[in-house]
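Results of the structural survey
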Amino acid sequence: MEIPPIEDRLHLDCEVLVVGGGTAGTMAAITAAEHGARVLLLEKAHVRHSGALAMGMDGVNNAVIPGKATPEDYVAEITRANDGIVNQKTVYQTATRGHAMVRRLEGYGVKFEKDEHGDYAVRRVHRSGSYVLPMPEGKDVKKVLYRVLRRRDIRERVRIENRVMPVRVLTEGGRAVGVAGFDTRSGRFVTVAAGAVVLATGACGRLGLPAGGYLYGTYENPTNAGDGYAMAYHAGAELSGIECFQINPLIKDYNGPACAYVANPFGGYQVNNRGERFVDSDYWSGHMMAEVAREIASARGPIYLKLSHLPGETVTAVERILHSTERPTRGTFHAGRGHDYRTDDVEMHISEIGLCGGHSASGVWVDEHGATTVPGLYAAGDLACVPHNYMIGAFVFGDLAGAHAAASHRVPAGLPEGQVAEAHELVYRPLRHPDGPPQPQVEYKLRRFVNDYVAPPKTAAKLEIALESFERMRDEIAGMGARTPHELMRCAEVGFIRDCAEMAARSSLTRTESRWGLYHDRADLPDRDDANWLFHLNLRKLPDGSMAFVKRPVEPYLVPVEGFDPVAAEPEPVATRPGARVRRAGETRAGHAAVGRSPRILELHRIAEEAPDLARLAPYLADEEPKVRRAAIAALTETVPEGAGVALAAALADEHGTVRRAAATGLRELAEVLPATPEFGAALAERVTSPDASVRGTVLDVLRALRLGDVALFAAALGDDDHRVRIEAIRGLVSLDEPGPLAGAARDASREVRVWVARGIAAVGRPSPALDGLAADPDPLVRAAALESSAATGSPLVDQAVAGMADPAWQVRAGAARCLGAAGEPLEPLVAALGDGNLDVRKAAVLALAGHVSRPEVAAALRGALADPDADVRAHARRALDG
Amino acid sequence: MALIDQRVEVPVTIDESLCIEGCTLCVDICPLDSLAISDETGKAYMHVDECWYCGPCADRCPADAVTVNIPYLLR
Ligand SMILES: Cc1cc2nc3c(=O)[nH]c(=O)nc-3n(C[C@H](O)[C@H](O)[C@H](O)COP(=O)(O)OP(=O)(O)OC[C@H]3O[C@@H](n4cnc5c(N)ncnc54)[C@H](O)[C@@H]3O)c2cc1C
Ligand code: SF4
Ligand code: SF4
């Protein structure tokens, strides 16, 4: 391609500009629009499937749900996890607004795990407090957000430009007034004049090189190359904690999470090669990562996620999550190596380094509204330094930044043409020397230097070599060659990566101590130095182009945290140092008419863009081709016109299995947003006799979620041939507080159903004679569930539990321990169980005894457990004794 | 500087016999913009070896024409 003249540019203007349409960016755009602003959303990919949520998320890592945790606990927890260096005002926002955000998302149609009574089912992973909220249909989050963006009221105010990538924020008189960038498909130059700019470009995921050597095989979505870090830096904004890297424990080579957060509630955990647990908390922190790195390097390495001890159906349930959300090709990876969770533990490793506020603390410095130090410029999501903010924090800060920007945008007088010309040169420079080194080679080398000299363990000597290497590469990067708009995009990204690499090395060199476990492990300065370094380390670009550092005092805590005493001080400057054309989709090819074999599907795609009503989709829903009917259902679930529920229910009767399945998936996905009308209920109930078991299961599930089912319907389904349908029936009855009919199911042929009966009785919380039978079940998993459940009914099966403590199956011993813990008497078998050979039984015993530490013999026994070989057992014992 | 064409195995394959001519869905949504429509065949193909093996291309294809494999280096 030729360099386009600067005058031929596409110029746009708006009140609020949002850069990046991932988690934080879509929320910022929606909120700004709801506050009346005219919004432009620029995304380098396509908003429909972009960012970390592109394939969904399996849970909320950090929701403070009233009654389950308090904002103060959360703030203290994050302060500890980040070794005292947090601006608590920002973390407090996530703590206090997370619940409302979960409700808002639920209103949009995102599903969160709830028990049969409709309460959020949060789980404990952090050292204290329960903040993890699973999302059973998490794969649809982004789809739901996109649906909201395209709602008529929002799309009138939000213009979306996909495949447009800004490279620089423009400033005038110190205020952000717009951006310059280009269309990564046509190559056209683009400028935007904006009243306020929200950067939501995610983490810097392409900093370190993954051990697998594939440039794009990163933990983070690889379109997040550090664009926002570089743009904020060049605009003069402060960045903070850049030396606090992101590093995660991942499936080796695949390099995606097999999260202990997912596996844990099912009984999975991480072990070393001896089968021992070695981390005392699965919560991802720098300290945990240091333990993981040490274990891998020791005689006990490598490490694994262990699932092989779990029953087949439990593994299937774990797989259902891991192979469908976040990184759904996990199953393909394991199958390719002939591995199966039932027989093979999953080898884990630590990831390449990255920058990310959302996972650690490296980001653009923001206040509690997402404002940066440059007026008119905001940062939200992983890009912003709000430690451990994760997905819900990205939503909360997207919302805050969107609202603040909508209230304080200012019409810019004009754009600084000098900066526009510099940006133009930056983008198109590689076209001047198309035979210059290609991006893959340059990027590989740059990122290998990052691995060699910037990744921990860090030393001053290595960091100096890093800086020298990055300086040398400045010219190589300027000399890179490109021939297409796509290659220009990758070249611009290499520039961002280099900027981030330099910031990472200089920050790591400047903070002369070790902190945050592995994240800032200075092998040459191994101690934490609170006297000198309980400070934020911020950096920014000075007008002369050099990088300046300042130590910012930690603001007085809102919630005091033992062990950390930030001192009041003035910000103090530290050291400064000199410083083949890709065709556009949709473009018609000369000489080719669209002769397709499925013009109906193409028509549908077009119609779906226009928020069609049901009548317009009806002919496609009735098309004779099942493929078209399936595509019509996809359009229906994306746009949800009035009457969608009844139409989907009707499609459950389709003669073609794939169409029925699409309808069932759509219904489950939309259960929170479809109005619970009697007509819809009737349409669903009609399908309860479907010959297709997955249809029958869906009908019961949706009727329960919408509270449209009655006892008779659920009770009848207890006689279904398919055990999954019978389980849905149990859940329905429990939701109606009607345990009566369950007694019959206690003799069900399927052990999974019997386990659900036991759990259902626990959820209802009233004694039931059925539990006696279940406690004597031939299957150990059923016995375990019955004993545990009896504790929740107020009438624990103490005799059976005492006997159960000697059961040969560890699951029964663990269940019995939980029962005795709740009963409170006798405790001797629990004390004895601290010597059990199985680590899960010992853990259950410690947890059961924790409620009774006031008794001296219990406290003494727990003190003994502090020396347990299992890290989890030790941690829970310590927690119980502390208090 | 000298440049060469080198063979690279790409992770995503598209069954041309199934791909619907005129459709561009996978090309529209791939976050890395690694898919394109071939000038010769009018069908989708992977034009660069840049992939997060994330899957929406296969997930959304109305013709089940797309297969996402794990990149060779990681397999
Ligand atoms: C694999 C994985 C699993 C995770 N699991 C969980 C979990 O279970 N629970 C949880 O709470 N959190 C989880 N997280 C973290 C959570 O997803 C993130 O914290 C959150 O989504 C970050 O949102 P964001 O908007 O900052 O970034 P993103 O959602 O990644 O969005 C950034 C967007 O900016 C675009 N962009 C980048 N540069 C430019 C540019 N120059 N111009 C235009 N657009 C640009 C990108 O294409 C992208 O769409 C996970 C993250 C990953 C990667
Ligand atoms: S989505 Fe499927 S049918 Fe459409 S272009 Fe891609 S491969 Fe072809
Ligand atoms: S797997 Fe993801 S990155 Fe790879 S081609 Fe498909 S959509 Fe693009």
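Let's shift gears to the overall build of chain A. Across its full length, chain A carries 35 helices and 18 strands. For 883 residues, the compact-globule estimate of 2.2 N^0.38 gives 29 Å, and chain A sits close to it at 28 Å. In terms of its C-alpha atoms, chain A occupies a principal-axis envelope of roughly 80 × 70 × 50 Å. Working note: accessible area of chain A is about 31400 Å², and carbon and sulfur atoms make up 51% of it. In chain A, which carries 101 positive and 115 negative side-chain charges, the distance between the mean positions of the two groups comes to 3 Å.

Moving on: the overall build of chain B. Along its length, chain B carries two helices and four strands. Starting at the N terminus, the α and β elements of chain B follow one another as β-α-β-β-α-β. Its C-alpha atoms give chain B a radius of gyration of 13 Å, near enough to 11 Å, the size a compact globule of 75 residues would have. C-alpha atoms of chain B, sized along the principal axes, occupy 40 × 30 × 20 Å. The buried share of chain B, reckoned over its 75 residues, is 57%.

Glancing now at the domain arrangement of chain A. Residues and elements named next belong to chain A. Domain parsing of chain A yields domain 1 (9-56 + 75-81 + 141-244 + 355-416), domain 2 (249-350) and domain 3 (419-519 + 526-574). A straight line from the C-alpha centre of domain 1 to that of domain 3 covers 19 Å. In this complex, domain 1 contributes 56 residues to the contact, which on the side of domain 3 involves 50 residues. Summing the contributions of domain 1 and of domain 3, the shared interface buries around 4500 Å²; its carbon and sulfur component is 65%. Across the domain 1-domain 3 interface, the total number found is five salt bridges. When residues of the side of domain 1 that touches domain 3 are traced back to their parent elements, those giving at least two are helix H2 (71-81), strand S6 (164-172), strand S7 (175-183), strand S8 (189-199), helix H6 (227-234) and strand S9 (239-240). Broken down by element, the side of domain 1 that touches domain 3 gets its largest block of residues, seven residues, from S6. Considering only residue class, the side of domain 1 that touches domain 3 consists of 28 nonpolar, 17 polar and eleven charged.

So, about the site of ligand 1. All names here are of chain A. Around ligand 1 there are 35 residues in total, and Thr23, Glu43, Gly59, Asp227 and Asp382 lie nearest to it. A distance of 2.8 Å separates an oxygen atom of ligand 1 from a polar atom in the backbone of alanine 24. Between ligand 1 and glutamate 326, the relevant distance is 2.9 Å, taken from a nitrogen atom to a side-chain nitrogen or oxygen of the residue. Considered on its own, ligand 1 offers 1000 Å² of accessible surface; in the complex 99% of this is hidden by protein. Elements that contribute at least two residues to the shell around ligand 1 include exactly helix H1 (23-34), strand S2 (39-43), S6, H6 and helix H11 (390-408). Classifying every residue of the shell around ligand 1 by side-chain character gives 15 nonpolar, 13 polar and seven charged.

In the structure shown here, the tally under the stated rule is 76 salt bridges over all chains. Through salt bridges with shared partners, a single network forms among Lys44(A), Arg206(A), Asp227(A), Glu443(A), Arg447(A), Arg490(A), Glu493(A) and Glu50(B).

Now for the nonpolar core. Residue and element names in this part refer to chain A. Among the nonpolar cores identified, the biggest contains 315 residues, and Leu17, Leu105, Val192, Phe395 and Val454 are the most heavily contacted of them. In terms of residue count, the dominant contributor to this core is helix H15 (residues 485-510) (13 residues). Excluding residues that lie within four positions of it along the chain, valine 454 makes contacts with Phe245, Ile353, Phe449, Leu463, Ala466, Phe470, Ala504 and Ala505.

This part takes up the site of ligand 3. Around ligand 3 lies a shell of 14 residues, among which Cys30(B), Cys51(B), Cys54(B), Gly55(B) and Cys57(B) are the nearest. Of the residues belonging to the shell around ligand 3, the class tally is 13 nonpolar, one polar and no charged.

The next subject is unusual backbone geometry. The step from Pro456(A) to Pro457(A) runs through a cis peptide bond, and the omega angle for that step is -5 degrees. By secondary structure assignment, the location of Pro457(A) is in the loop between helix H13 (439-453) and helix H14 (460-478). Note that the residue after Glu825(A), namely Pro826(A), is joined by a cis bond; omega there is -15 degrees. Inspection of the secondary structure assignment puts Pro826(A) in the loop between helix H31 (810-823) and helix H32 (828-833). In this structure, Asp737(A) is a non-glycine residue whose phi angle is positive, near 60 degrees. Looking at the element boundaries, Asp737(A) is found in the loop between helix H25 (723-735) and helix H26 (742-745). Given the relative accessible area of 33%, Asp737(A) is considered partly exposed. You will see that Tyr53(B), though not glycine, has its phi angle at about 40 degrees, which is positive.

Calculation notes
- Residues numbered from 1 in each chain as written.
- Chains lettered and ligands numbered in written order.
- Predicted model: local features only at pLDDT ≥ 70, side-chain atom pairs only at ≥ 80, totals over all residues.
- Heavy atoms only, no water.
- Helix = DSSP H or I, 4+ residues; strand = E, 2+ residues; numbered from the N terminus.
- Rg over C-alpha atoms; globule rule 2.2 N^0.38 Å.
- Areas by Shrake-Rupley, 256 points an atom, 1.4 Å probe, with all protein chains shown as cover.
- Lys, Arg positive; Asp, Glu negative; His and termini not counted.
- Charge placed at Lys NZ, Arg CZ, Asp CG, Glu CD.
- Buried < 20%, exposed > 50% of the residue type's maximum accessible area, 1.4 Å probe, protein only.
- Domains from an automatic or database assignment.
- Contact = heavy atoms within 4.5 Å.
- Buried area = accessible area lost by both parts, 1.4 Å probe.
- Salt bridge = Lys/Arg side-chain N within 4 Å of Asp/Glu carboxyl O.
- Nonpolar A, V, L, I, M, F, W, Y, C, P; charged D, E, K, R; others polar.
- Near = heavy atom within 4 Å.
- Polar contact = N/O pair within 3.5 Å; in protein donor to acceptor, adjacent residues only side chain to side chain.
- Core = buried A, V, L, I, M, F, W, Y, C linked by side-chain atoms within 4.5 Å.

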